[in-house]
Amino acid sequence: MRFKMIGLAAVALLAAFGAAQAQESKTIAVSIPAADHGWTGGVVYHAQQQAKALEARYPGLKVIVKTSPDGASQANALEDLTTQGIDALVALPHNSDELTDPIRQVKAKGVFVTVVDRALSDQSIQDLYVAGNNPELGRVAGKYIKDTLGTGDVVVIRGLPIVIDEERIKGFDEAIAGSGIKVLDKQFGNWSRDDAFKVMQDYLAKFPKIDAVWCQDDDMAVGVLEAIQQAKRTDIKFVVGGAGMKDMVKKVMDGDKMIPVDVLYPPAMIAVAMDLTAANLYDHVPVRGRYILDATLVTKENAKEFYYPDSPF
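Every value quoted in this text rests on a predicted model; they were computed, and no experiment measured them.

*Asks:* I keep staring at the pattern of salt bridges and nothing clicks. Help me out?
*Replies:* Where side chains of opposite charge bring their charged atoms close, a pairing between them can arise. By the definition in use, this model includes 19 salt bridges. Across the salt bridge formed by D165 and R158, the nearest N and O atoms sit 2.5 Å from each other. Where K250 meets D254, a salt bridge forms, and the shortest distance between an N and an O atom there is 2.9 Å. When salt bridges that share partners are traced, they join D153, K209, D211 and K237 into one network.

This is the structure in structure tokens:
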């Protein structure tokens, strides 16, 4: 009986300690690009939603979400946030090279640093890195096209000439190597639906037969579909995009033949990063290191799991 009472007392003490710990005042700053295109619009949405959820989960926690239109503005924002006194920073850099030194200065003040999507030039600054799987995004798309077509002619619309694009292209090329898939051309669409529309128009004028299109981003897929529709081309069997835009996921859900699948590179990764950072502060969970999300193939069977109707992306 005595043992039972002592045990209950210990549990009560631990619960009280946990409650006091949860009330401890902490501040997490979240520095992200402004919503200059669809994917970053999704990042902003999920960051704002997760900030509310975390403040409700951890009394005493304050989450400041700050958006910046460019790298210089983001560097200035980081300086301002640091002077306010923060315990942790979650940052999705506009540009890794430009933001490495500003984030290094934040880290020097003893702040826990989580970097999302675009790794810093000096990765030793990062306590935690959260990102999608870029090589796998390309590999999953390439494998689907190879398995579905068997043989065929494909055009590719790349993103921007940066490391992320190179990783995706490498994964795609490896997936179709030795198969009957022939890549007719690869051009940059700059992750822009307008630019992708123009590139696709050029492809349609240049190639009388195209079996499928792979573009690295769902924003670009919107432009691709528009170009195909305007040209009234019926030879193109399907388009594979990537990221998880709600409009594309809805097409997959509805069984749209032109968008049979999508490959995830979810803007909700910012929420994962914020959640892990808060767990480090309050729950003392060992979250340091790399956290890479799967590049899940979204199909008609699982699309509902990845559909966020209230998100702008």
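*Asks:* Would you mind going over helix α5 (residues 134-149) with me for this structure?
*Replies:* Helical periodicity: at 3.6 residues per turn, an α-helix aligns residues three or four positions apart in one direction. Across its 16 residues, α5 extends 23 Å between first and last C-alpha, which sits within 8% of the 22 Å expected from 1.5 Å per residue. The set of residues buried in α5 consists of N134, L137, G138, V140, A141, G142, Y144, I145 and L149. Near the N-terminus of α5, the side chain that reaches the backbone nitrogen of E136, with its oxygen 3.0 Å away, is that of N133.

*Asks:* When you look at helix α6 (residues 163-176) in this model, what are you seeing that I'm missing?
*Replies:* With 14 residues, α6 should cover 20 Å at 1.5 Å per step; its first-to-last C-alpha distance of 20 Å lies within 8% of that length. Phi turns positive one or two residues past the end of α6, at G178, with a value near 80°.

*Asks:* When you look at the environment of L137 in this model, what are you seeing that I'm missing?
*Replies:* Residue placement: L137 occurs in helix α5. Considered as a pair, L137 and V263 are 126 residues apart in the sequence and their alpha carbons are 6.3 Å apart.

*Asks:* Explain unusual backbone geometry here, please?
*Replies:* Of all residues except glycine, most have a negative phi; of all peptide bonds, most are trans. A positive phi angle, close to 60°, is found at N190, a residue other than glycine. Mapped onto the secondary structure, N190 falls in the loop between β7 (180-188) and α7 (193-206). Its relative accessible area of 33% is what places N190 among the partly exposed residues. One non-glycine residue with positive phi stands out, namely A243, at about 130°.

*Asks:* Looking at this structure, how should I read the sheet that holds strand β9 (residues 238-240)?
*Replies:* Backbone hydrogen bonds hold the strands of a sheet together, and the pairing may be parallel or antiparallel. Here four strands make up an open sheet; going across it, the order is β7-β6-β8-β9 and the pairing parallel. What marks the edges here is a single partner per strand, and that holds for β7 and β9. Averaged over all neighbouring strand pairs, the angle between strand axes comes to 20°, with direction disregarded. Bridge count between strand β6 (residues 151-158) and β7: eight bridges; the pairing is parallel.

*Asks:* I keep staring at the layout of surface pockets and nothing clicks. Help me out?
*Replies:* It is the rolling of a water-molecule-sized probe over the atoms that shows where space remains empty. Put simply, the largest pocket is a space of about 880 Å³. Here the lining of the largest pocket is built from residues that sort into 14 nonpolar, eleven polar and ten charged. Considered as a void within the structure, the second largest pocket measures approximately 190 Å³ in volume. Around the second largest pocket sit 13 residues that line it, and H46, P266, P267, A268 and Y308 are the ones nearest its centre. Grouping the constituent residues of the lining of the second largest pocket by class yields ten nonpolar, three polar and no charged.

*Asks:* I would appreciate a short explanation of the sheet that holds strand β4 (residues 112-116) in the present structure.
*Replies:* Reading across the sheet, the six strands line up as β2-β1-β3-β4-β5-β11 and stay open at both edges, with parallel pairing between neighbours. Each edge of the open sheet is held by one strand with a lone partner, namely β2 (61-68) and β11 (289-292). Within this sheet the neighbouring strands show an average axis-to-axis angle of 15°, counted without direction. Judged from the four bridges that link them, strand β5 (residues 128-131) and β11 form a sheet pairing that is parallel. Its bridge partner lying in β11, L128 is registered against G289. The strands touched by helix α10 (residues 269-282) are β1 (26-33), β2, β3 (88-91), β4, β5 and β11; relative to β1, the strand with the most contacts, the crossing angle is about 160°.

*Asks:* What should I look at first to understand the packing of helix α2 (residues 38-57) against α10 in this one?
*Replies:* When two helices pack together, you describe them by how their axes are tilted relative to each other and by the distance separating the axes. At their nearest, the axes of α2 and α10 sit 7 Å apart, and the two run at 30° to each other. If you check the angle between α2 and α10, you find them roughly parallel. In the crossing of α2 with α10, the sense of the turn from one axis to the other is right-handed. Where α2 abuts α10, its residues W39, V43, H46, A47, Q50, A51, L54 and R57 lie against M269, I270, A271, M274, D275 and A278.

*Asks:* When you look at the side chain of D127 in this model, what are you seeing that I'm missing?
*Replies:* On the secondary structure map, D127 appears in the loop between β4 and β5. By relative accessible area, which is 12% here, D127 ends up buried. For D127, the side chain forms a polar contact with the side chain of K107, separated by 2.6 Å. Setting aside its immediate chain neighbours within four residues, D127 contacts K107, V111, F112, V113, R288 and G289.

Cut-off values and rules
- Residues numbered from 1 in each chain as written.
- Predicted model: local features only at pLDDT ≥ 70, side-chain atom pairs only at ≥ 80, totals over all residues.
- Heavy atoms only, no water.
- Salt bridge = Lys/Arg side-chain N within 4 Å of Asp/Glu carboxyl O.
- Helix = DSSP H or I, 4+ residues; strand = E, 2+ residues; numbered from the N terminus.
- Expected span 1.5 Å × (residues − 1).
- Buried < 20%, exposed > 50% of the residue type's maximum accessible area, 1.4 Å probe, protein only.
- Polar contact = N/O pair within 3.5 Å; in protein donor to acceptor, adjacent residues only side chain to side chain.
- Pairing = 2+ DSSP bridges.
- Axes fitted to C-alpha atoms, helices over the stretch in contact; angles between N-to-C directions.
- 1 Å grid on protein atoms, 1.4 Å probe; cavity = no way out; pocket = protein on both sides within 12 Å on 5 of 7 lines; lining within 4 Å.
- Points joined across faces, edges and corners; volume = space filled by probe spheres on them.
- Nonpolar A, V, L, I, M, F, W, Y, C, P; charged D, E, K, R; others polar.
- Contact = heavy atoms within 4.5 Å.
- Parallel < 35°, antiparallel > 145°, perpendicular 65-115°, else oblique.
- Left-handed = near helix turned anticlockwise from the far one by under 90°.

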